[in-house]
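Fold and geometry: a report
If you want the building blocks of each chain, they are given just below.
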Amino acid sequence: MYKIGFDNDKYKNMQSQRIRERISEFGGKLYLEFGGKLFDDFHASRVLPGFQPDSKLQMLLQLKDEAEIVIVISTSDIEKSKRRGDLGITYDDDVVRLIGEFTNIGLMVGSVVLTKYAPSARVQEFEDRLKSLGYPVYHHYMIEGYPSNIAKIVSDDGYGKNDYIETSRELVVVTAPGPGSGKMATCLSQLYHENKRGIKAGYAKFETFPIWNIPLKHPVNIAYEAATADLNDVNMIDPWHLEAYGVTTVNYNRDVEIFPVLKATFDKIYGKCPYKSPTDMGVNMAGNCIIDDDACQEASKQEIIRRYFTALCANAKLPVNNNELYKIELLMNQAGISTQDRACTVAAREVAQRTKQPGAAIELNDGTVITGKTSELLGCSSAMLLNALKHLAGIDDNILLILPEVIKPVQKLKVNFLGGHNPRLHTDETLLALSISASNNEHAAAALAQLKNLRNTEMHASVILAQVDESLLKRLGVRVTCEPN
């Protein structure tokens, strides 16, 4: 059952205000390392129900007159044609996409930084592409001994060899297409150059997860570990914060491990580090905007189970590494949950067991569970979809939304002319048939109007769904899991 647990408006206002405060603390200029996704943060919207996927972007828009964006990309990622898993595009193409997205909504993109710079034809082609769009490009280099050799790093032979990035606004948001791009090193390099020029500037980090001011084993924080199981990130109590203030806060292993290096770097640049702990560096206010902790806990438990099924299915398709799966199993034990805690999973399994055919089930936002079974005309997910729309529209179960004489010609087309082997309608074909029926069938039209009410629902299938079915359901806002069959 979907319940709001997060105050999105409060978050946008509180977060922008906290960043303004941090700018003033450093005398008027702040380099803000921006972790996670600025656009489409669907993980946050799933575990903090009420958080909008573009919340961080909307928050930045409140600061748009004070902010400029610097996008960072590693030349090694350009050479390897590294891709974003969620979008399927290369990092260099994503930089161009991000520039367009930012500028279209009124945010200023100041420049692009090529980190770990090593010249090549491919890198030069990308640089020329950016310059043709009118964006300055800067080079930052590998530093021998990074990140441990502080004396070398914080010197004219280290950060000093990097290009100085010309910026014009008091808030410089440093972002990237993905992890490992060099955001933190870019920020610290700029602090070195600004300090040499006598310009007061500071550094802060904006990461949504883990949330520092909720318990270490809170399901929201456990869900973050599940989401990054492939990276082997581990949430932990920040020992630096505990020692400095006697207060327990949550951070993650990479920030805790790198903090001594950061502290030494700050000491060398400023003479004294302005922070006593990794938690001090953060500006995240999400934990202050949870208004229904039970709702967020339940949403996060569902996310952990979804991550488990995703790992199971990935392993079934390409069994190469079980470590991610084992870690999520461990996290489920820590959260005290199992797959039986997902109502739609239990229902889909019961349908499959009863019919000896693939089954599917969806839990609607009011907690009602609707099932679908495989038939000669429809796959289980298509049947489930029609049954759910009927229920939402208050249509009697005996009424046919799509007549067999509409479905059968589509099946004939699939098998006889398009080379298909499965005559049953996929969900996209089912919705097309429903749309056609809606022109002269008031029940079909009423059912079609309920599609918007499928957002934030939970669904499970007893078999791995065809890509077309999974993609369409996700576009409708349905949160899909499958058995690894």
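It should be noted that the structure appears before, not after, this text.
Below is a short write-up of the structure. Just so you know, these numbers come straight off a predicted model, no measurement behind them.

Core analysis: the biggest nonpolar cluster contains 98 residues, and Leu48 and Phe102 have the highest contact counts within it. Here the element with the most residues in this core is helix H13 (residues 293–317); it accounts for 7 residues. Not counting the four nearest positions on each side in its chain, Phe102 is found in contact with Leu38, Phe39, Leu57, Ile69, Ile71, Leu107, Val109 and Thr175. Counting residues in each nonpolar core, the second largest holds 35 residues, with Ile362, Leu431, Leu434 and Leu454 among its members.

The strand order across the open sheet formed by 4 strands is E10-E9-E11-E12, and the pairing between neighbours is mixed. Either end of the sheet is taken by a strand with one partner, and the two such strands are strand E10 (369–373) and strand E12 (479–482). Here the average twist between neighbouring strands, direction ignored, is 15°. Across 5 bridges, strand E9 (residues 359–363) lies against E10 in antiparallel orientation. Pairing of Ala361 across the sheet is with Thr371, part of E10. Together, strand E11 (458–461) and E12 form the strand contacts of H13, whose direction differs from that of E12 by roughly 45°. Running over the sheet, helix H15 (residues 343–355) touches E9, E10, E11 and E12 and is turned about 155° from E9.

In this structure the tally under the stated criterion is 28 salt bridges. In this structure, the salt-bridge partner of Glu25 is Arg22, at a minimum N-O distance of 3.0 Å. Note that Glu25 and Arg22 are positioned in helix H1 (residues 8–25) at a spacing of 3 residues, about one turn of the helix. Looking at Arg22, the relative accessible area reads 3%, which means it is buried. Notably, a salt bridge pairs Asp267 with Lys263, separated by 3.5 Å at the nearest N-O pair. Here Asp267 pairs with Lys263, and both are found in helix H11 (residues 253–270), just 4 residues apart, close to one helical turn.

Pairing is parallel in the open sheet, where 6 strands are placed in the order E4-E3-E2-E5-E1-E6. This sheet does not close on itself; its edge strands, each paired only once, are strand E4 (137–139) and strand E6 (202–206). Taken over all neighbouring pairs, the strand axes of this sheet differ in orientation by 25° on average, direction set aside. One ladder, built from 5 bridges, connects strand E1 (residues 30–34) with E6; its direction is parallel. Across the sheet, residue Leu30 finds its bridge partner in E6, namely Gly202. Along the sheet, H1 makes contact with E1, strand E5 (171–175) and E6, crossing E1 at roughly 135°. Helix H5 (residues 91–104) rests against strand E2 (67–74), strand E3 (108–115) and E5 of the sheet, and its axis sits at about 170° to E2.

Here we come to the pairing of E12. Of the two faces of E12, the one lined by Arg479 and Thr481 and the one lined by Val480 and Cys482 are each fully buried. Summarising the sheet, E11 and E12 pair through 4 bridges and their orientation is parallel. Within the sheet, the bridge partner assigned to Met459 lies in E12 and is Val480.

So, how was this worked out
Residues numbered from 1 in each chain as written. Predicted model: local features only at pLDDT ≥ 70, side-chain atom pairs only at ≥ 80, totals over all residues. Heavy atoms only, no water. Core = buried A, V, L, I, M, F, W, Y, C linked by side-chain atoms within 4.5 Å. Buried < 20%, exposed > 50% of the residue type's maximum accessible area, 1.4 Å probe, protein only. Helix = DSSP H or I, 4+ residues; strand = E, 2+ residues; numbered from the N terminus. Contact = heavy atoms within 4.5 Å. Pairing = 2+ DSSP bridges. Axes fitted to C-alpha atoms, helices over the stretch in contact; angles between N-to-C directions. Salt bridge = Lys/Arg side-chain N within 4 Å of Asp/Glu carboxyl O.

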